[in-house]
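Tertiary structure, described
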Amino acid sequence: KPEKIVDALGITPGMRVADIGAGPGFLTVHLARAVRPGGKIVATDIDEAALESLEMRLETAGLGDVVEPRIVEPDSPGLENDAYDAILLAEVDHQLADPVAWLKAAIPALKKTGRIVISNRIQHAAKSEAAATKAGLRLESESTPVPSHFIAVYVATK
């Protein structure tokens, strides 16, 4: 349910959002539509081939000007400081070697009112919440839009 993730991110036109582990861009297209006009999506991945697929999908959807595909190093956010209204990790946080370190490194990229949203399968919820709390994030809201998945919205406690 991509619309539930867009809602959880609180996306409005003009926002800047990072889609972490974007892969071929299933969610990226929905995010890009939500930030138009004037917004920007930075879609990161460690796999260049996945981002090439994303670029083709964006071209077909007419959204190439809204999204910046970006190759990043494994376990590094690769985001500039104080630049993002929201950072989305959709089904990727459990693949990080050190989720706590990754989240700590991502916090400086948030604008003052920014948030980190983690969406994943229910079996990863406890581990995700523990890592977020340890990284210095506070749970703002959580939902289960479908029985198999959760969406958790965090804000920095800095």
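First things first, this report covers the structure right here in the doc. (Residues numbered from 1 in each chain as written. Predicted model: local features only at pLDDT ≥ 70, side-chain atom pairs only at ≥ 80, totals over all residues. Heavy atoms only, no water.)

Some details on the pairing of strand β5 (residues 110-121)
- Relative to β5, strand β4 (residues 84-90) is paired through six bridges, and the arrangement is parallel. Residue pairing for β5: leucine 88 is matched across the bridge by valine 117.
- Taken together, β4, helix α4 (residues 99-106) and β5 form a β-α-β motif whose crossover is right-handed.
- Relative to strand β7 (residues 149-156), β5 runs antiparallel, the two sharing six bridges. When the sheet's bridge partners are listed, arginine 121 is paired in β7 with histidine 149. (Pairing = 2+ DSSP bridges. Helix = DSSP H or I, 4+ residues; strand = E, 2+ residues; numbered from the N terminus. Right-handed = clockwise from strand over helix to strand, strands pointing away.)

Structural notes on the nonpolar core
- Counting residues in hydrophobic clusters, the biggest one holds 28 residues, and the most contacted among them are Leu9, Ile11 and Leu88.
- Within the residue set of this core, elements represented by two or more residues are α1 (2-9), α2 (26-35), β2 (40-45), α3 (48-61), β4 and β7.
- For this core, the element with the most residues is α2, which contributes six residues.
- Not counting chain neighbours up to four residues away, the residues in contact with leucine 9 comprise Leu31, Ala86, Ile87, Leu88, Arg115 and Val117. (Core = buried A, V, L, I, M, F, W, Y, C linked by side-chain atoms within 4.5 Å. Buried < 20%, exposed > 50% of the residue type's maximum accessible area, 1.4 Å probe, protein only. Contact = heavy atoms within 4.5 Å.)

Overview of the environment of lysine 40
- Within the secondary structure, lysine 40 sits in strand β2.
- With relative accessibility at 26%, the residue lysine 40 sits in the partly exposed group.
- Taking the C-alpha atoms as reference points, lysine 40 and arginine 16, separated by 24 residues in sequence, lie 4.8 Å from one another.
- Every residue in contact with lysine 40, bar those within four places of it in the chain, is listed here: Met15, Arg16, Val17, Val35, Asp65, Val66, Val67 and Glu68.

Notes on α4
- Considered for burial, the residues of α4 that qualify are Pro99, Val100, Trp102, Leu103 and Ala106. The arc that holds the buried residues of α4, viewed along the axis, is 165°, so those residues lie on one side.
- Buried residues along α4 sit in contact with β1 (16-20), β4, β5, α5 (125-135) and β6 (137-146). (Arc of directions from axis to C-beta.)

Take it as geometry only, folks, not as evidence of what the structure does.
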